Amino acid sequence: MGGEMAVERSTSGGARRTRGEIIREVVLVVGLYVAYSATRLAASGSWDVAKSHARGILDVERWLRIDIEHALNTATAQHTWLEVATSYWYQSMHYLVTPTVLVVLFFRRPLLYRPARTALLGATFLALFGYFFFPTAPPRLLGQYVDTVSESSVYGRWPSAAEQAASGAGSVTNQVAAMPSMHVGWAVWVSVVLAYLLRRRWAKVAVWGYAATTTAIVVLTGNHWVLDAVAGAALVLGCWWFAGHRYGLWAPRAQVDAELDDLVGEVVPDTRRLAATNDDGLALASTVDSPPPSDPEVEAPRA
């Protein structure tokens, strides 16, 4: 497998996809997302338990001295432009960037697509266990934090918390699915993909700005705790590690070269045998078609 990944790295084009492959992948991805959304809603839990879990997380963060949510959220709420910018990022980027990267991989990097898809869908599926067994309220629902996304809704396409409550939308969304943060998890997934595809070291480092920005925004808007973000990132990285080893993505360079040498060694003898066969055939044809050699001792009949 490592050899296959190395071969793909050296090619710029992608393989042509059949209609069946496209339909299969669309059904798989869309089906899992629908199941994810439905299960996430079903795993709503109780408010008392979710708030208790949130306070427990906050206690751990205070012990670790990483309880920065309140300071960052309060600072964001004091600047309307920052509220609007962070809200647009929070509401839109994971819907735009993640599917785009997945589609590009499907058509242009088919060998990388398989481990990438496995890591993405696996992490998304496993996150449901967190929502089921550890329902957690986000900071914005504990009272002393500001729901900046709701406050900036007048500038965007999303409803405010009051509008959701009035329309009953709050009953069809899971408000206590904070742990783990898949906003951060999906952003980390994108950064891993781009870091693998890019060649320059500075570019590999720069693409992690997307994951870092998303992490900051989920905290600034009061939608996640720092430990939610850590859990989401760890979940995706763990799934990437598993999928990468499953498909030979992280194979050492020496192993990749050895596998390529083996492949070449298997192909070359077959090529030589084919060439030898062709040479024998040509020699035989030459013998049949050419006239027999003349005997120098036999004189040709005189006219």
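Before any of the text, the structure's been laid out above.
Here the structure is a predicted model, which means the values were calculated and not measured.

Here we look at the packing of aromatic side chains
(1) Moving on: Applying the stated criterion to the full structure yields seven aromatic pairs.
(2) Moving on: Where F106 meets F107, the ring centres are 4.9 Å apart and the plane angle is 85 degrees; that geometry is what we call edge-to-face.
(3) Moving on: Owing to a relative accessible area of 6%, F106 belongs among the buried residues under this scheme.
(4) Moving on: A centroid spacing of 6.3 Å and a plane angle of 45 degrees characterise the contact between F132 and F133, whose relative ring orientation is tilted.

Observations regarding the layout of surface pockets
(1) Moving on: What the second largest pocket holds in volume is close to 520 Å³.
(2) Moving on: In this structure, the second largest pocket is lined by 20 residues; those nearest its centre are V29, V30, P99, L102 and L120.
(3) Moving on: Secondary structure elements with two or more residues in the lining of the second largest pocket: α2 (19–42), α5 (80–108) and α6 (110–133).
(4) Moving on: No other element matches α5, which puts eight residues into the lining of the second largest pocket.
(5) Moving on: Taken together, the residues that form the lining of the second largest pocket break down as 16 nonpolar, three polar and one charged.

So, the pattern of salt bridges
(1) Moving on: Under the defined criterion, the tally for this structure stands at two salt bridges.
(2) Moving on: Here R62 and D67 are joined by a salt bridge, their closest N and O atoms 4.0 Å apart.
(3) Moving on: Given the relative accessible area of 35%, D67 is considered partly exposed.
(4) Moving on: D147 serves as the salt-bridge partner of R140, at 3.9 Å between the closest nitrogen and oxygen.

The rules behind the values
- Residues numbered from 1 in each chain as written.
- Predicted model: local features only at pLDDT ≥ 70, side-chain atom pairs only at ≥ 80, totals over all residues.
- Heavy atoms only, no water.
- Phe/Tyr/Trp six-rings, centres within 6.5 Å; stacked < 30°, edge-to-face > 60°.
- Buried < 20%, exposed > 50% of the residue type's maximum accessible area, 1.4 Å probe, protein only.
- 1 Å grid on protein atoms, 1.4 Å probe; cavity = no way out; pocket = protein on both sides within 12 Å on 5 of 7 lines; lining within 4 Å.
- Points joined across faces, edges and corners; volume = space filled by probe spheres on them.
- Helix = DSSP H or I, 4+ residues; strand = E, 2+ residues; numbered from the N terminus.
- Nonpolar A, V, L, I, M, F, W, Y, C, P; charged D, E, K, R; others polar.
- Salt bridge = Lys/Arg side-chain N within 4 Å of Asp/Glu carboxyl O.

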